[in-house]
Amino acid sequence: MPTNHPVKDQILARYTERTPQSRALDAQAKTSLPGGDTRWATYHLPYPIYMARGAGCTLTDVDGHTYLDFQNNYTSLVHGHAHPAITAAVQAQAVNSVVYGAPAEGQFQLADLLTKRLPGVDQLRYTNSGTEATMMAMRAARAFTGKPVILKMDGGYHGSHDMTEVNITPDLSDSRLPIPKVEADGVAEAVLGAVAVARFNDLESVEMLLKARAGEIAAIITEPLMNSAGMVVASDDFLPGLRTLADRYGVLLIFDEVVTFRLHEGGYQAKTGVIPDLTALGKLIGGGLAIGAFGGRAEIMSLYDPARPNGFHHSGTFNGNPLAMAAGMASVSALTPQAIDHINQLGAEFRRGVDEAFAEAGIHGCATGEGSLAYIHWTAEKVTSAADVVRWKQKAAELPRLLHLELLNQGIFAANRGMFNLSTPMTAAEVDQTLAALRAALYTLKPYAADLTPHLIM
Ligand SMILES: Cc1ncc(COP(=O)(O)O)c(C=O)c1O
């Protein structure tokens with residue numbers, strides 16, 4: 001909802017004054033890329049900032065400004081930019097060719113590393129994105145059980161294939177069960193016949209669907225913590241409850257750990273002891289290169305053995321390419337329990353600092369998340385569902401967008417939806433610097449909030 005206010009004008013004016021080269025490149029890009037964009041998550045008005053290089057936890061834009069990177073390519077750069085071991089691994093592999101069209105050792109070396117760490121993954125297969133990973137995990141569940149339907153959570157994001165393009169935007173109706181709807185243009189309505197939608201943190205809604213349709217439902221898929229939806233954390237009983245329900249009704253449980261793997265050496269499944277039948281992975285396991293993987297119990301995954309008569313089919317020109325394997329090995333190896341503790345502690349400090357900054361500013365707001373993941377909400381009330389996140393955002397006018405732009409003006413690079421994540425090169429100094437920028441930004445935004453969203457003023 002566009003609004004008019006002098007604070008907004010000032011923020012936008014500063015943004016455009018600082019970033020003339022980005023503006024020029026955006027104009028140039030519009031000729032061959034629709035709107036200058038090739039990825040929704042990185043586009044925002046008035047135009048996104050073009051980056052020239054990254055090092056550690058910093059990015060430098062084409063106008064020469066440096067930013068602390070709290071976006072990290074949406075969590076995939078858990079070690080920040082140009083990590084020495086990852087760069088060396090990529091360089092060493094690149095001189096020996098980037099892909100062979102034949103197997104290479106790196107494929108099973110990275111798989112060994114991952115299967116040792118993730119208790120629910122005995123074997124795995126690679127894809128080239130998290131999207132393909134969840135697509136294949138869902139397909140594996142349908143092939144294994146012989147049942148057609150996947151149960152997902154309202155507001156859950158699992159990439160952009162057709163089966164997941166349902167209720168990414170949560171249902172805001174009062175209906176006991178979310179009303180399923182197709183999300184993206186061009187996705188056939190028929191997909192709704194193969195997807196059921198329950199509410200996260202609401203086991204009753206899951207059981208209602210399982211009771212009615214267990215004969216059709218192959219699997220439940222969820223992120224253990226809903227990241228894109230707004231870092232919505234599972235209540236203590238939710239994940240164990242899903243496991244119990246999956247067993248009771250004879251359906252598989254799929255965890256999408258594309259993002260949550262970073263929270264514990266063995267992923268969220270090891271952290272909670274709730275072991276899924278199938279797991280989707282991506283992002284950090286490629287050390288910054290394009291990757292995905294799906295894996296699970298040997299009983300299911302062994303059906304992909306190509307020597308097996310009637311084995312499950314799975315192909316992809318770049319699956320397990322040596323470059324991604326090399327970067328992935330370096331990335332996962334460097335993500336030690338100590339490194340994870342380090343970023344998780346910084347993340348906790350960051351979320352605490354966000355809550356304090358809002359309280360000091362006299363504005364209702366808070367951060368949710370866990371470990372090295374955080375999300376800023378314009379409410380101090382408990383956020384337990386994707387629908388809560390959207391409802392509060394709708395009441396915040398343009399504050400989320402203006403905060404994002406004002407933080408960029410101050411050299412803090414975060415996701416425009418309000419998501420922050422930490423990388424291993426960060427220290428308390430970067431967290432302090434970012435919290436200071438947040439305090440200043442809230443001070444700048446307060447007159448806007450007072451005029452346009454007075455319910456947010458304490
Ligand atoms: C939880 C989750 N699953 C799957 C995906 C899709 O991964 P990719 O963008 O690599 O296709 C994402 C991407 O953000 C994600 O956050």
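Description of the structure in this document. (Residues numbered from 1 in each chain as written. Predicted model: local features only at pLDDT ≥ 70, side-chain atom pairs only at ≥ 80, totals over all residues. Heavy atoms only, no water.)

## Points about the site of the ligand
Alright, step 1. Around the ligand sit Ser129, Gly130, Thr131, Tyr157, His158, Gly159, Glu223, Asn227, Asp256, Val258, Val259 and Lys283, and those are all the residues in its vicinity.
Alright, step 2. In the environment of the ligand, a nitrogen atom lies 2.6 Å from a nitrogen or oxygen atom belonging to the side chain of Asp256.
Alright, step 3. Looking at the shell around the ligand residue by residue, the class counts come to 3 nonpolar, 6 polar and 3 charged. (Near = heavy atom within 4 Å. Polar contact = N/O pair within 3.5 Å; in protein donor to acceptor, adjacent residues only side chain to side chain. Nonpolar A, V, L, I, M, F, W, Y, C, P; charged D, E, K, R; others polar.)

## Remarks on the sheet that holds strand β10 (residues 252–256)
Alright, step 1. With mixed pairing, the 7 strands of this open sheet are ordered in space as β4-β12-β11-β10-β7-β5-β6. Because the sheet does not close on itself, it has two edges, and the strands there are β4 (123–127) and β6 (195–198). In this sheet, neighbouring strand axes are inclined to one another by 20° on average, regardless of whether the strands run parallel or antiparallel.
Alright, step 2. Sheet analysis places strand β7 (residues 217–222) next to β10, joined by 4 bridges and oriented parallel. Pairing of Ala219 across the sheet is with Leu252, part of β10.
Alright, step 3. The strands touched by helix α8 (residues 238–249) within the sheet are β5 (149–153), β7 and β10, with β10 carrying the most contacts at an inclination of about 150°. (Pairing = 2+ DSSP bridges. Helix = DSSP H or I, 4+ residues; strand = E, 2+ residues; numbered from the N terminus. Axes fitted to C-alpha atoms, helices over the stretch in contact; angles between N-to-C directions. Contact = heavy atoms within 4.5 Å.)

## A closer look at a nonpolar patch on the surface
Alright, step 1. Taken together, the side chains of Val98, Val99 and Phe318 make up a nonpolar region of the molecular surface, amounting to roughly 230 Å² of accessible area.
Alright, step 2. Here Val98 is to be found in the loop between α4 (84–94) and α5 (105–117).
Alright, step 3. A relative accessible area of 38% places Val98 in the partly exposed class. (Patch = residues over 30% accessible without salt bridge, like charges linked within 9 Å, V, L, I, M, F, W, Y side chains within 5 Å. Areas by Shrake-Rupley, 256 points an atom, 1.4 Å probe, with all protein chains shown as cover. Salt bridge = Lys/Arg side-chain N within 4 Å of Asp/Glu carboxyl O. Buried < 20%, exposed > 50% of the residue type's maximum accessible area, 1.4 Å probe, protein only.)

## Here we look at the nonpolar core
Alright, step 1. Counting 66 residues, the largest nonpolar core has Phe70, Leu114, Ile285, Trp378 and Phe420 as its most contacted members.
Alright, step 2. Sorting elements by how many residues they give to this core places helix α15 (residues 428–452) first, with 9 residues.
Alright, step 3. Composition of this core by domain shows at least three residues from each of domain 1 (6–78 + 336–456) and domain 2 (84–334).
Alright, step 4. Counting 42 residues, the second-largest nonpolar core is a separate cluster that includes Leu151, Leu239, Val258 and Leu373. (Core = buried A, V, L, I, M, F, W, Y, C linked by side-chain atoms within 4.5 Å. Domains from an automatic or database assignment.)

## Considering helix α1 (residues 6–18)
Structural remark: α-helix, 3.6 residues per turn; residues separated by three or four positions point the same way.
Alright, step 1. Between its first and last C-alpha, α1 extends 18 Å over 13 residues, near the 18 Å set by a 1.5 Å rise per residue.
Alright, step 2. Buried residues belonging to α1 abut α2 (20–29), β3 (66–69), α14 (399–409) and α15. (Expected span 1.5 Å × (residues − 1).)

## Description of unusual backbone geometry
Alright, step 1. A cis amide bond links Leu45 with the next residue in sequence, Pro46, at an omega value of 0°.
Alright, step 2. Its location among the elements puts Pro46 in the loop between α2 and β1 (51–55).
Alright, step 3. Even without being a glycine, Asn72 presents a positive backbone phi close to 50°.
Alright, step 4. Here Asn72 lies in helix α3 (residues 72–75).
Alright, step 5. Within the chain, Ala82 stands out as a residue other than glycine whose phi angle is a positive 50°.
Alright, step 6. Taking the relative accessible area as the measure of exposure, Ala82 reaches 54% and is therefore exposed.

## Digging into the packing of α4 against helix α11 (residues 322–334)
Helix-helix packing is characterised by the crossing angle of the two axes and by the distance between the axes.
Alright, step 1. Contact geometry of α4 with α11 gives a least axis separation of 8 Å together with a crossing angle of 155°. Here α11 runs roughly antiparallel to α4, going by the angle between their axes. Between α4 and α11 lies a crossing whose hand is right-handed. Packed against α4, whose contacting residues are Ala85, Ile86, Ala89, Val90, Gln93 and Ala94, the element α11 presents Pro322, Leu323, Ala326, Ala327, Ala330 and Ser331 at the interface.
Alright, step 2. Among the residues forming the contact of α4 with α11, the class breakdown is 10 nonpolar, 2 polar and no charged. (Parallel < 35°, antiparallel > 145°, perpendicular 65-115°, else oblique. Left-handed = near helix turned anticlockwise from the far one by under 90°.)

Nothing here speaks to function; it is all geometry.
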